[in-house]
Amino acid sequence: MKKIFIITGEYSGDTHAAAVARKLRECSSDIIIEGIGGEQMEAEGVKLFKDHSKMQVVGISPSAVLNHIKLGKETADYILNEYKPDLVLLVDYGGFNLNLARFLKKNKFEGKIFYYIPPQIWASRKYRINSVKKYIDKVLCIFPFEEKMYKEYNIDVHYCGHPLISQLPEPADRTVFFEKHGFNPEKPLISVFPGSRKFELQHLMKLFISSAKTLKRKHPDLQVCFSMAPNISRELYYKYFKNCDFEVIQGENQALLSVSDALILASGTVALEAALYKTPLIIAYRAPWLFYLIYLAVRCIDKVSLPNIICNKIIVPELIQPKATHDNIVFEEERLLYDKKRREQQIAELEEVRTLLSDKCSASEAAKTIWEEIM
């Protein structure tokens, strides 16, 4: 009986880890999988050592640091002294996972450590590649340019393809979706995705709501919808909607992305999802100034949106920190909605994103590589 321990740190990691767990069970029933994750991993039969809810933070605070240190120690002790898996699979969440890998290796962990969806060291803190080389046995990367980078450092790497290519649902039926939620199919719909973390809501919701109100006032036929991430409570979300009657939809992110006419997004994987649906979008993001200054100090590239990074050019407007203003958001959204030439140009450029990514089933590739290692 082979044993695997999977570690995720947030909702998206839980989604991708659950897909790998499902594919691993297809490889063999002679396998035990435990880990740190959420509902999706648990639904695939993974026994949760800990729920990852306390890990879903951005920024530095004493409580967050203490929670991570405590969880890291408990996890390492369990892996080394009790569970003793054949392989530990780290999924995303670089700060926590790289530190855990270092601790395991220094304490003579006898199994293998694989990293699926490795830290984006090509974007910031490239020095972390030294930790990857020292403490990770194999990298399972999701972007083609990552494979080339790791090989240059003589790191064992396998390109799995991006998980969204196989996991992203087909576009929703616009007529059916609009009827379900009471939208008028003859009027344009702009959808707003303010992020999946409390931290992001605190810094973006007021800005996004005021921008949406202005767009609605200037263009009365415009319909506006806010997407509420599945892990956000309704009580927390709706406290921002006083004196505001915008539609709020939870748990239908991909469908909403696919049927919208334009989008306002916080930076993240959702931008890549939108690109694959070829839905015009802008990125707007704010954080505390200290956090932003640290980001400027450690970044390796001058782009933040995945469509722009993949294509190595500015396709999607990036309104970051001082540029994330009410007036800029309104201006860029109006261009996407009402400037036909600009709109068609971005849609055409978004088509390049899928072309540059592989058609591989990422979870299958990852599971196959893992199973070949431990069988």
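K.L.:
I'd like to hear about the nonpolar core, residue by residue, with values.
P.N.:
Core analysis: the biggest nonpolar cluster contains 134 residues, and Leu 89, Tyr 116, Phe 226, Phe 241 and Leu 265 have the highest contact counts within it. By residue number, the principal contributor to this core is helix α9 (residues 198-218), which donates 9 residues.

K.L.:
Provide a residue-level description of the packing of aromatic side chains, including the pertinent values.
P.N.:
Counted under the stated rule, the structure contains 15 aromatic pairs. Seen from their ring centres, Phe 226 and Phe 246 are 5.8 Å apart, and the 20° between their planes marks the pair as stacked. Taken together, the residues span a long stretch of sequence, with Phe 226 in strand β9 (residues 223-228) and Phe 246 in the loop between α10 (234-238) and β10 (247-250) at a distance of 20 residues. According to the relative accessible area criterion, Phe 226 is buried, its value standing at 0%.

K.L.:
Which residues make up the sheet that holds strand β11 (residues 262-265), and what values go with them?
P.N.:
Here 6 strands make up an open sheet; going across it, the order is β10-β9-β8-β11-β12-β13 and the pairing parallel. The two strands at the open ends of the sheet, each matched to only one other strand, are β10 and β13 (318-320). Neighbouring strand axes in the sheet, compared pairwise and without regard to direction, differ in orientation by 20° on average. Relative to β9, strand β8 (residues 189-193) runs parallel, the two sharing 4 bridges.

K.L.:
A description of the environment of Ala 348 should follow, citing residues and the corresponding values.
P.N.:
Note that Ala 348 resides in helix α16 (residues 340-356). Here the alpha-carbon distance between Ala 348 and Val 132, two residues 216 residues apart in the chain, equals 37 Å.

K.L.:
How would you sum up the packing of helix α12 (residues 269-277) against α16? Please name residues and give values.
P.N.:
Here α12 crosses α16 at 105°, and the two axes come no closer than 8 Å. Between α12 and α16, the angle falls in the class roughly perpendicular. On α16, the residues touching Leu 272, Ala 275 and Leu 276 of α12 are Leu 350, Val 353 and Arg 354.

K.L.:
Which residues make up the pattern of salt bridges, and what values go with them?
P.N.:
For the structure on display, the rule yields 17 salt bridges. Two residues, Glu 200 and Arg 197, come together in a salt bridge whose shortest N-O distance is 3.3 Å. Classification of Glu 200 as buried rests on a relative accessible area of 3%. What emerges from the salt-bridge pattern is a single network uniting Glu 10, Arg 197 and Glu 200.

K.L.:
Tell me about a positive patch on the surface, and please be specific about residues and values.
P.N.:
Together, Lys 198, Lys 206, Lys 239 and Lys 242 make up a region of like positive charge exposed at the surface. Locating Lys 242 in the fold gives a position in the loop between α10 and β10.

Thresholds applied
Residues numbered from 1 in each chain as written. Predicted model: local features only at pLDDT ≥ 70, side-chain atom pairs only at ≥ 80, totals over all residues. Heavy atoms only, no water. Core = buried A, V, L, I, M, F, W, Y, C linked by side-chain atoms within 4.5 Å. Buried < 20%, exposed > 50% of the residue type's maximum accessible area, 1.4 Å probe, protein only. Helix = DSSP H or I, 4+ residues; strand = E, 2+ residues; numbered from the N terminus. Phe/Tyr/Trp six-rings, centres within 6.5 Å; stacked < 30°, edge-to-face > 60°. Pairing = 2+ DSSP bridges. Axes fitted to C-alpha atoms, helices over the stretch in contact; angles between N-to-C directions. Parallel < 35°, antiparallel > 145°, perpendicular 65-115°, else oblique. Contact = heavy atoms within 4.5 Å. Salt bridge = Lys/Arg side-chain N within 4 Å of Asp/Glu carboxyl O. Patch = residues over 30% accessible without salt bridge, like charges linked within 9 Å, V, L, I, M, F, W, Y side chains within 5 Å. Areas by Shrake-Rupley, 256 points an atom, 1.4 Å probe, with all protein chains shown as cover. Lys, Arg positive; Asp, Glu negative; His and termini not counted. Charge placed at Lys NZ, Arg CZ, Asp CG, Glu CD.

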